[in-house]
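Remarks on the overall topology
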Amino acid sequence: MSKKVLELNQVNYRYQDAESDDYILKDINYEFELGKTYAICGKSGSGKTTFLSLISGLEPNYEGEILYEGKNLKTIDLDHYRNTDIGIVFQSYNLLPHLTALENIVLSMDISHVQVENKKEQAMNLMESVGLNRNQADRRVLKLSGGEQQRVAIARSLSYQPSIIIADEPTGNLDKDTEDEIMTIFKKLAHQEKKCVIIVTHSKNVCDHVDVIYDLKKENNKNRKSSRKD
């Protein structure tokens with residue numbers, strides 16, 4: 001049985017200094033479980049980026065409840081939450097270009113105070129889990145293809161073993177074949193390693209891969225859920 005890990009109850013959000021009282025997000029009621037992949041879809045301006053900021057704990061000024069494992073984000077240590085419980089994958093990879101792929105992952109482990117006997121060995125294991133080899137690990141990231149860099153970014157997000165992986169347009173810079181490969185990795189993380197994978201995307205192909213689609217609608221500030229069978 002799947003375990004609920006993240007829950008949004010009657011979440012509303014509007015810009016605090018905006019002249020308009022219109023909500024960017026209105027009456028959001030979403031549930032996320034371990035072992036499943038989710039797509040957050042919607043046209044530009046529908047609130048996808050804001051949604052990511054909320055569930056990442058980066059934007060605290062909202063109405064309603066966001067719960068992680070039953071605990072309200074407004075009552076927990078958000079730095080600890082971001083450094084241990086959620087991993088984030090960006091469209092632009094956000095890797096440090098002067099470091100090798102392996103060094104990027106080890107640095108993430110250092111920042112999160114991961115306690116392992118051999119961080120380089122652990123980082124290499126993570127790289128191999130996303131389909132990268134020793135030769136690629138020792139290259140500076142700008143020497144890697146876009147798909148390879150995104151694999152490094154995914155491995156980095158796993159460096160402290162978070163239960164939730166949040167991906168912001170992770171295939172936006174990739175061709176369809178590479179997109180399929182990246183989605184295969186995300187599905188493996190959810191279905192085999194029991195992570196909760198949440199992907200913000202414009203890609204219909206990505207939506208075709210996931211278990212559950214949440215569609216943000218700008219015109220009425222409501223949300224709609226479309227479920228898919230594994």
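Below, the structure is looked at part by part. (Residues numbered from 1 in each chain as written. Predicted model: local features only at pLDDT ≥ 70, side-chain atom pairs only at ≥ 80, totals over all residues. Heavy atoms only, no water.)

1. Some details on the overall build of the protein
- Helix and strand content of the protein: eight helices and 10 strands.
- Against the compact-globule benchmark of 17 Å for 230 residues, the protein has a radius of gyration of 18 Å, which places it among compact chains.
- Oriented by its inertia axes, the alpha-carbon framework of the protein measures out at about 55 × 40 × 35 Å.
- Considering the protein as a whole, with its 230 residues, one finds that 51% of them fall into the buried category.
- Within the structure as shown, the protein displays about 11,400 Å² of accessible surface, and the carbon and sulfur contribution to it stands at 45%.
- Considering the protein, the positive charge centre built from 31 side chains and the negative charge centre built from 35 side chains are found 3 Å apart. (Helix = DSSP H or I, 4+ residues; strand = E, 2+ residues; numbered from the N terminus. Rg over C-alpha atoms; globule rule 2.2 N^0.38 Å. Buried < 20%, exposed > 50% of the residue type's maximum accessible area, 1.4 Å probe, protein only. Areas by Shrake-Rupley, 256 points an atom, 1.4 Å probe, with all protein chains shown as cover. Lys, Arg positive; Asp, Glu negative; His and termini not counted. Charge placed at Lys NZ, Arg CZ, Asp CG, Glu CD.)

2. Observations concerning the environment of threonine 184
- By secondary structure assignment, the location of threonine 184 is in helix α7 (residues 176-191).
- Considered as a pair, threonine 184 and glycine 35 are 149 residues apart in the sequence and their alpha carbons are 14 Å apart.

3. Observations regarding the pattern of salt bridges
- Taken as a whole and judged by the stated rule, the model has 10 salt bridges.
- With a shortest N-O distance of 3.2 Å, glutamate 33 and lysine 36 are connected by a salt bridge.
- Between aspartate 110 and lysine 119 there is a salt bridge, with the nearest N and O atoms lying 2.6 Å from each other.
- What you see here is one network of salt bridges that share partners, running through Lys4, Glu7 and Glu31. (Salt bridge = Lys/Arg side-chain N within 4 Å of Asp/Glu carboxyl O.)

4. Focus on helix α1 (residues 48-55)
- Across the eight residues that make up α1, a large majority, six, are buried.
- Of the positions making up α1, those classed as buried are Lys48, Thr50, Phe51, Leu52, Leu54 and Ile55.
- Count one or two residues on from α1 and you reach glycine 57, which has phi positive near 80 degrees.

Take it as geometry only, folks, not as evidence of what the structure does.
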